[in-house]
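Structural overview
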Number of protein chains: 2
Amino acid sequence: MNTQPTAWTYAQAGVDLDDVAQLKRRIATLAAQTFTPGVVGGIGHFGGLFRTPGENMLLVSSVDSVGTKVLLAALLERYDGLGIDIVHHCINDVLACGARPLFFLDYLGLSRLNPAAVEAIVRGIAHACHEAGCALIGGETAQLPGLYRDGAFDIVGCIVGAVWADHVLDGSAVRAGDVLVGLPSNGLHTNGYSLVRAVLGLDDDPQRARALLAEQPAWAEASLGELLLRPHRSYLPLVLPLLDSGVVHALAHITGGGICENLARVIPPGLQARVRRQSWPIPPLFSFLQERGQISDEEMVRVFNLGIGYILVVDAQVGHALPSQLGEGWVIGEVVTSAHDEPRAVLMP
Amino acid sequence: MNTQPTAWTYAQAGVDLDDVAQLKRRIATLAAQTFTPGVVGGIGHFGGLFRTPGENMLLVSSVDSVGTKVLLAALLERYDGLGIDIVHHCINDVLACGARPLFFLDYLGLSRLNPAAVEAIVRGIAHACHEAGCALIGGETAQLPGLYRDGAFDIVGCIVGAVWADHVLDGSAVRAGDVLVGLPSNGLHTNGYSLVRAVLGLDDDPQRARALLAEQPAWAEASLGELLLRPHRSYLPLVLPLLDSGVVHALAHITGGGICENLARVIPPGLQARVRRQSWPIPPLFSFLQERGQISDEEMVRVFNLGIGYILVVDAQVGHALPSQLGEGWVIGEVVTSAHDEPRAVLMP
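Computed from a predicted structure; not experimentally measured. (Residues numbered from 1 in each chain as written. Chains lettered and ligands numbered in written order. Predicted model: local features only at pLDDT ≥ 70, side-chain atom pairs only at ≥ 80, totals over all residues. Heavy atoms only, no water.)

1. Details of the sheet that holds strand S2 (residues 48-51) of chain A
Cut-off, in case you're wondering: Paired strands, in this sense, are two strands between which DSSP finds at least two bridges. Secondary structure counts use DSSP, requiring at least four H or I residues in a row for a helix and at least two E residues in a row for a strand, with both numbered from the N terminus.
The mixed open sheet is built from six strands, whose spatial order is S1(A)-S2(A)-S3(B)-S6(B)-S4(B)-S5(B). Two strands bound the open sheet, and with one partner strand each, they are strand S1 (39-40) of chain A together with strand S5 (135-143) of chain B. Strand direction decides the pairing type here: S2 of chain A and strand S3 (residues 57-65) of chain B, joined by four bridges, are antiparallel. Note on S3 of chain B: the bridge partner recorded for leucine 49 of chain A is valine 60 of chain B.

See the structure below:
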């Protein structure tokens, strides 16, 4: 039986322009609430307009996505944290160069428009932008039938920040003797979810998966689902006030690749960052996942943040006192001289 | 039978970090070839660094994706044009505000890494960036198993450009009597592909779809597949030289929503842009699709560009001579006074 229409419309092909138009108006209202004095005009132009920062500043930009954490959120129909995830991820990236965020653009790709879910996501984005003084000045919601799996979607963020050219953090200030201060993560942030889904078998049977995620393990203060959906944390409020003093020599955002790969990006040749694995408590969520998946130590280190979401490479004079000054974090290692062909960052027992 | 591994690795869960690391090095080489004097440092920092333009300039930014055109490209294993598509799409958006592009960031989300395809796409991105004097300073390739359909992927681009604050095009310069000059598109650009796939039944049987796309219709100079995959055209070389003279009052990039919706975005209240449908030749590809899908005229206008990729709203003094000056394009209408509640752009017979 041929049930295909004889006269095709875009809506029948899976793209509803009327729904999009309605949603765009609601998104514009949310975005307007994030506007800072730098924004010129509003939403609706072909591009978002923003005043240039001072001439002695550098623009710092980054693009990233929430990744497969969205599948977990879709399973539990809990969309509110995902917007926070992408904004905080992007903020932490430009902050690692010493920059404060100026403006943000979001992209949502999805198979079929679920206006309530999209609005919840954009509400989270707008909230996180507002908190950070970062203007949401552009975005796109694309209905792409056939591209995403049913119910799946991708959330991409692009951020532009600014830093004084002579304050930019690029690793060149790091020297032997510097202290590594690790700041706690809020869970998995946005990395490792494909492995989590595989290990917990979340893709096989939605009902079984929901039941598993509703369980509260003995070691936990919340259900597994809640622990896994906790939003990516922003380190902006904690780290920004430290940047003017010059004691922070480098910053590393611990995302895909884990502690060593990300820390290595800011350690210059001839130096090595040595992280001591026993120097901070690895949250039980990670041990639980490792045991359930029989994941090797090496793989755990490469895939997950293991409880450290951000690392400050700081002057030895102040580094040891920093955790108590900040009210959180741990001294997790130090920088030493090293041969040029040695790895720039290693995890020690 | 349980074929699942007892000791899970990220690679078994569908994410191969080794492949990603190799690919990242090749992408960094391609990106370096696009660098302009504004770029500071290189690839590998947590953010891309770029010098701020002059203080009297505005930053103009936009984010967008190639959309479901990628499914057609995947079907034909022809990935080289997609990078050009996304860069040109983004360039045309910021150009519509009067801005020239400064830098670009790309995001590729995919179900499973196909390094050759990714490299072809990024090569296209780098090529188009280089041609436009736009630096590719950041990007992300995300392996997201379970999120995209098998073989499917999404290509997202984010661009930042700059325009002198007193030269920004926001529609406010448009006045009654202005002439509309339409510039030819290169095909469908990046809009309407979900409808094309539905109309041509491309999703049902890949072999049948490939055979259909290999056909060269009597009216065409190339196969249907080639016509449909032609990259989105950049209007930067044609339009940028016109901007300093002040005769261009507004620009509209014809994307999703078609001629009227996009033109309406730059027409102020109290004015109306009237486009005459008979004033340019609608390419036979569009008539072919309309007939095949029995698509209504209204739907055609909303979904496709109908042969017009960009519209210049120009001073009447120079507008009529512009097509011959440019060597292409047509005068396709004019701006008239109108009641405030009238549509800002209409298509006339």
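2. Some thoughts on helix H6 (residues 206-214) of chain B
All names here are of chain B. Stated precisely, the cut-off is as follows: Whether a residue is buried, partly exposed or exposed follows from its accessible area with a 1.4 Å probe, protein chains only, as a fraction of its type maximum: under 20%, in between, or over 50%, in that order. Of all possible arcs, the one meant is that of the directions from the helix axis to the C-beta atoms. Residues are treated as being in contact if the distance between any of their heavy atoms lies within 4.5 Å. By the criterion applied in these results, polar contacts are pairs of N or O atoms within 3.5 Å in which, for protein atoms, one can donate a hydrogen and the other can accept it, and in which residues neighboring in sequence qualify only through two side-chain atoms.
Looking only at H6, the buried set comprises Ala209, Leu212 and Leu213. The arc enclosing the buried residues of H6, seen along the axis, measures out at 95°, which places them on a common side. Facing away from the buried side of H6, by more than 90 degrees, are the exposed residues Gln207 and Ala214. Elements in contact with the buried residues of H6: helix H2 (69-76), helix H5 (193-200), helix H7 (224-229) and helix H10 (284-293). Two or three places before glutamine 207, at the opening of H6, aspartate 205 has a side-chain oxygen 3.1 Å from that residue's backbone nitrogen.

3. Focus on helix H4 (residues 115-132) of chain B
Owing to its 3.6 residues per turn, the α-helix brings residues three or four apart onto one side. Convention followed: The span you would expect from a helix comes to 1.5 Å times its residue count less one.
Over its 18 residues, H4 of chain B extends 26 Å from the first C-alpha to the last, a length consistent with the 26 Å expected when each residue adds 1.5 Å. Glycine 133 of chain B occupies a position one or two residues after H4 of chain B and carries a positive phi of about 65°.

4. Description of the pattern of salt bridges
Counted only if it meets this: The rule for a salt bridge is simple: a side-chain nitrogen of Lys or Arg has to be within 4 Å of a carboxyl oxygen of Asp or Glu.
Scanning all chains against the criterion turns up 22 salt bridges over all chains. One connected set of salt bridges, linked through shared partners, spans Arg26, Glu119 and Arg123 of chain A.

5. Looking at the interface of chain A and chain B
Test applied: Buried area, as used here, totals the accessible surface that two parts lose on assembly, with accessibility defined by a 1.4 Å probe and the loss added over both. Residues are grouped as follows: Ala, Val, Leu, Ile, Met, Phe, Trp, Tyr, Cys and Pro are nonpolar; Asp, Glu, Lys and Arg are charged; all remaining types, including Gly, are polar.
Between chain A and chain B, the residue contacts involve 82 residues of the former and 81 residues of the latter. For the pairing of chain A and chain B, the buried interface totals around 6600 Å² over both sides, and the portion due to carbon and sulfur atoms is 61%. Across the contact surface, chain A and chain B share two salt bridges. Of the charged contacts in the structure, one is a salt bridge between arginine 149 of chain B and aspartate 150 of chain A, with a shortest N-O distance of 3.2 Å. For the pair chain A and chain B, the interface holds 29 residue pairs in polar contact (both at pLDDT 80 or more). For the side of chain A that touches chain B, the element with the highest residue contribution is strand S3 (residues 57-65) of chain A, accounting for nine residues. Here the residues of the side of chain A that touches chain B are counted per class, giving 45 nonpolar, 22 polar and 15 charged.

6. Quick word on the relation of the copies chain A and chain B
Under the convention used in this document: Alignment of the copies relies on least squares applied to C-alpha atoms, considering only residues that score at least 70 for pLDDT in both.
The two copies are related by a screw operation: chain A maps onto chain B through 180° of rotation and 0.0 Å of translation along the axis, at an RMSD of 0.0 Å. Both chain copies can therefore be described as sitting about a two-fold axis. Looking at the rotation axis and the C-alpha trace of chain A, the residue lying nearest is tyrosine 148 of chain A, at 2.2 Å.

7. A closer look at the nonpolar core
What counts here: The set of buried Ala, Val, Leu, Ile, Met, Phe, Trp, Tyr and Cys residues whose side-chain atoms join them within 4.5 Å is what this entry labels a nonpolar core.
Counting 276 residues, the largest nonpolar core has Phe304 of chain A together with Phe304 of chain B as its most contacted members. Excluding anything up to four places from it in sequence, phenylalanine 304 of chain B contacts Leu188, Asn191, Gly192, Leu195, Val196, Gly258, Phe286, Leu289 and Ile295 of chain B.

8. What to know about the packing of aromatic side chains
Given two aromatic rings, their pairing is described by the distance between the two centres and the angle made by the two planes. Here is the rule we go by: Within 6.5 Å between ring centres, the rings of Phe, Tyr and Trp (the latter by its six-membered ring) count as paired, and their orientation is classed by plane angle as stacked under 30 degrees, edge-to-face over 60, tilted in between. By definition here, charges over rings are those cases where NZ of Lys or CZ of Arg is within 6 Å of the ring centre and within 35 degrees of the ring normal.
The final tally for this structure, using the stated rule, is eleven aromatic pairs over all chains. Between phenylalanine 286 of chain B and phenylalanine 304 of chain B, the aromatic rings sit 6.0 Å apart at their centres with planes inclined by 65°, giving edge-to-face as the arrangement. Remark: phenylalanine 304 of chain B occurs in the loop between helix H11 (297-303) and strand S10 (308-314) and phenylalanine 286 of chain B occurs in helix H10; sequence separation between them is 18 residues. Phenylalanine 304 of chain B sits in the buried class, given a relative accessible area of 1%. The ring of phenylalanine 46 of chain B carries arginine 265 of chain A above its face, with NZ or CZ at 4.1 Å from the centroid.

9. Quick notes on the sheet that holds strand S7 (residues 179-184) of chain A
All names here are of chain A. Cut-off, in case you're wondering: Only the stretch in contact is used when a helix axis is fitted, and all axes are lines through C-alpha atoms; the angle between N-to-C directions ranges over 0 to 180 degrees.
Strand order across the open sheet formed by six strands is S8-S10-S7-S11-S9-S12, with mixed pairing between neighbours. Each end of this open sheet is capped by a strand with a single partner; those strands are strand S8 (248-253) and strand S12 (345-348). Strand-to-strand, the axes of this sheet are offset by a mean angle of 25°, without reference to chain direction. Pairing analysis gives six bridges linking S7 to strand S10 (residues 308-314), with the strands arranged antiparallel. Paired with leucine 183 across the two strands is tyrosine 310, which belongs to S10. Against the sheet, helix H3 (residues 80-95) engages S8 and S10, with an angle of about 150° to S8.

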